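The chain contents come next:
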Amino acid sequence: MDKNVYMDQQKRKDLNLRLGNLILAIFLATVPTAITYGTLSIHGLNICRSLGSKVNPSYKIKEACDEAAWDTTKSYIILIGFFITLPTWMWFYLSMKKKEFRDK
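None of the values given here were measured: they were computed from a predicted structure. (Residues numbered from 1 in each chain as written. Predicted model: local features only at pLDDT ≥ 70, side-chain atom pairs only at ≥ 80, totals over all residues. Heavy atoms only, no water.)

## Focus: the UniProt feature "transmembrane region" (unreviewed entry) in the protein chain
Okay, step 1: Feature annotation in UniProt places "transmembrane region" (unreviewed entry) on residues 21-40 and 76-94, given in this structure's numbering.
Okay, step 2: Helix makes up 100% of residues 21-40 and strand makes up 0%, while its end C-alpha atoms are separated by 28 Å.
Okay, step 3: Secondary structure across residues 76-94 divides into 95% helix and 0% strand, with the first and last C-alpha atoms of the span separated by 27 Å. (UniProt positions renumbered as here; feature names shortened; annotations may be inferred. Helix = DSSP H or I, 4+ residues; strand = E, 2+ residues; numbered from the N terminus.)

## Here's the deal with the packing of aromatic side chains
Okay, step 1: Considering all chains together, one arrives at two aromatic pairs under this definition.
Okay, step 2: Ring centres 5.3 Å apart and planes at 75 degrees place the aromatic pair F82 and F83 in the edge-to-face group. (Phe/Tyr/Trp six-rings, centres within 6.5 Å; stacked < 30°, edge-to-face > 60°.)

## Re the state of the cysteines
Okay, step 1: Considering all chains together, one arrives at one disulfide under this definition.
Okay, step 2: A sulfur-sulfur distance of 2.1 Å marks the disulfide that ties C48 to C65. Residues C48 and C65 are joined by a disulfide whose S-S torsion is about -80 degrees; by sign, that bridge is left-handed. Of this pair, C48 sits in helix 1 (residues 3-54) while C65 sits in helix 2 (residues 58-75), and the two are 17 residues apart along the sequence. (Disulfide = S-S within 2.5 Å.)

## Some remarks on the environment of N56
Okay, step 1: Along the chain, the position of N56 falls in the loop between helix 1 and helix 2.
Okay, step 2: Owing to a relative accessible area of 75%, N56 belongs among the exposed residues under this scheme. (Buried < 20%, exposed > 50% of the residue type's maximum accessible area, 1.4 Å probe, protein only.)

Have a look at this one:
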């Protein structure tokens, strides 16, 4: 077999492995991402509740704080997902690569 054909097949197989593992990692990272998002949301709302109990008049401050807490948490959802997905993907990819070398 021609060396270039073998290299092209190997690159294609590696690309398929990376993409497949990325899709799997994204799917598996949804639960930890949702848990982290929920935890940060609850934390922000707890801070607002605590602030509302210390300041008079508390209604306006708590309302503005709740809105700011939700907006801040929403702005981090992509970053949270990325930092949870990336190590998962690398773990899958490196595990499969190690298995591939072992099987040769």
